[in-house]
Amino acid sequence: MGRIELHFLSNSNIQAIHEASVVILRDTGVKVHHETALRLLREAGARVDDTGKMAHLPEELVMDCVTQTGKQYVLHGRDPQRAARFGHGDSVWMSSPGQYTWIDSRSGRRRGAALGDVRDAVRLGDALDHIHIVGAMGQPEEIPETWRDVFLTGELVKGTTKPTRCWVRNGRTARAILEIYRTIAGGEQALRDKPMAEAFLEPISPLQLPEHGLEIVKVFAQAGQPVSIGPMAMTSATAPGTLAGTLAQENAEILAGLVVTQLFARGTPVMYGGIPHIMDPRTSICSFGSPEQGLMAVAMVQMARFYGLPAYVNVGLTDAKTLDAQAGIEKASSMLLGVLAGADTFGHCGICGTDHGASLEWLYADNELAAYVRRIARGFETDAETLATEVVHRVGPCGNFLAEEHTVRHFRDELWLPGPAWTRQSWDGWETDGSTSMAQRASERVRTILAAHEVEPLDGRLAAEIDRIVQCAQREPD
């Protein structure tokens, strides 16, 4: 089958970015806010300045760690058939692990996220065909931050049979979260054999590895779980004012995180999170929907492949605050670039604007966008059967192909048929149905799904054990 393969950087461009990153790591170095990581770096041959917590990484150390890094992994849900594969050529979509504000479905206005919002988001994520990993979507204000991530993990594993994700606060809560996953998996070794959780390390641009982030990585990696590393360097703010310079710095930050991950636990699989952005020079606000976002995403996929790693890029995002033409243009153009470049996973679904909030309608729309671009990426076959010359000869001039057996055999696989949120009606039919926008139809679909979808319940004994772990986390000091 023909497949579109999108590339931007030449081999010499890739090599130049790599070499620039090597120079940055060796000569400038990275600031590492974690004593154990600094000690391991020194023992591995890095030049470490304890006073300034600076580590200068030699190329040999970097490339040795790249070689030892796991290049593929699978995240499992409690349903064995619902897994997310990375490094296998799949495209994986994830709903947001959690936004601090919520876009109210009725009023369209922002407010604080509530527990009911999260439960609806988890159930909706469980129902949507193209959401492969279900995130908490919101940060409910009713639950204190000190143990919120543990609570949300419990809600997630009870509320969906798919793989799950929420933002992890620190090493203490990371250990409780892993205990929840061990309970679901059937023990420590079972979780190692079939990982269910993924640590996320966000280096602080420029060139810092945070203490809590590294502690979370240490806990997860030593428990046999994969690690995703994704700095959000901003061109002209926390990164140079050129895209190439931003990519070189971003790549250096990812490689630094990869090295520390391997020193914590050799062989840990790593996701290359090339998710840089630009700062709009007129507003000083980070942009999620710029054309440069798509360009850098394609380049970052190529850099990930250079190291043999699966790739996560921030595409399918927008600066728009409502589901309008701007949102459609920005989301679709960058998502298509990311998918055609071959990324494994993409910007979190369900985000409104530049992390302005989470929305069930936006999650539904992102699910539909995923279906659309997957059809483009699939391409089509060109062979004797699909060229259909015999059928054309039989029908001949002035005929039609509607009743042909060949048409019946192929049209379902060949043609993407949109769901009820789309319109392909006549103008009169559209008016008869209320002249609705896609945003309105998405809202109606969300209500319909939530009214009907039932999640396979978790075994009562497992649910009780998860509640016990959450209660223990609530009592522990932060």
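Whatever comes next refers back to the structure up there.
The paragraphs below set out a description of the structure included in this document. (Residues numbered from 1 in each chain as written. Predicted model: local features only at pLDDT ≥ 70, side-chain atom pairs only at ≥ 80, totals over all residues. Heavy atoms only, no water.)

## Remarks on the pattern of salt bridges
The tally for this structure, following the rule as stated, stands at 27 salt bridges. Residues Arg-42 and Asp-50 are paired through a salt bridge, measuring 2.5 Å at the closest nitrogen-oxygen approach. With a relative accessible area of 47%, Asp-50 lands in the partly exposed category. A salt bridge links Asp-366 to Lys-331; its shortest N-O distance comes to 2.6 Å. You can see Asp-366 sitting in helix 12 (residues 360–378) and its partner Lys-331 sitting in helix 11 (residues 325–341), a full 35 residues away along the chain. Put simply, Asp-104, Arg-111 and Asp-117 are held in one network by salt bridges that share partners. (Salt bridge = Lys/Arg side-chain N within 4 Å of Asp/Glu carboxyl O. Buried < 20%, exposed > 50% of the residue type's maximum accessible area, 1.4 Å probe, protein only. Helix = DSSP H or I, 4+ residues; strand = E, 2+ residues; numbered from the N terminus.)

## A look at the sheet that holds strand 3 (residues 54–56)
Strand pairing in a sheet relies on backbone hydrogen bonds, with the paired strands running either antiparallel or parallel. In space, the four strands of this open sheet follow the order 2-3-1-11, with mixed pairing throughout. With partners counted over all chains shown, the strands left at the sheet margins are strand 2 (47–49) and strand 11 (208–209), one partner each. Here three bridges tie strand 2 to strand 3, and the two strands are oriented antiparallel to one another. Bridging across to strand 3, Val-48 finds its partner in Ala-55. (Pairing = 2+ DSSP bridges.)

## Some points on the packing of aromatic side chains
A complete count under the given rule lists 10 aromatic pairs for this structure. Ring centres of Trp-167 and Phe-200 lie 5.5 Å apart, and the angle between their planes is 50°; on these two criteria the pair is classed as tilted. Highlighted residues: Trp-167 in the loop between strand 9 (164–165) and helix 6 (171–185) and Phe-200 in strand 10 (residues 199–201), separated in sequence by 33 residues. Each ring, one from Trp-416 and one from Trp-422, has its centre 5.2 Å from the other, and the planes form 85°; the classification is edge-to-face. Here the aromatic cluster, defined as three or more aromatic residues joined through ring pairs, consists of Tyr-272, Phe-306 and Tyr-307. (Phe/Tyr/Trp six-rings, centres within 6.5 Å; stacked < 30°, edge-to-face > 60°.)

## Overview of the nonpolar core
Val-32, Leu-41, Leu-57 and Trp-93 are the most contacted members of the largest nonpolar core, which has 117 residues in total. Of all the elements, helix 9 (residues 243–264) adds the most residues to this core, at 11 residues. Look past the residues within four positions of Leu-41 in its chain and what remains in contact with it is Val-32, Ala-46, Val-48, Ala-55, Leu-57, Leu-61, Val-259, Val-260 and Leu-263. Phe-86, Ile-133, Met-271 and Ile-275 belong to the second largest nonpolar core, which has 11 residues in total. (Core = buried A, V, L, I, M, F, W, Y, C linked by side-chain atoms within 4.5 Å. Contact = heavy atoms within 4.5 Å.)

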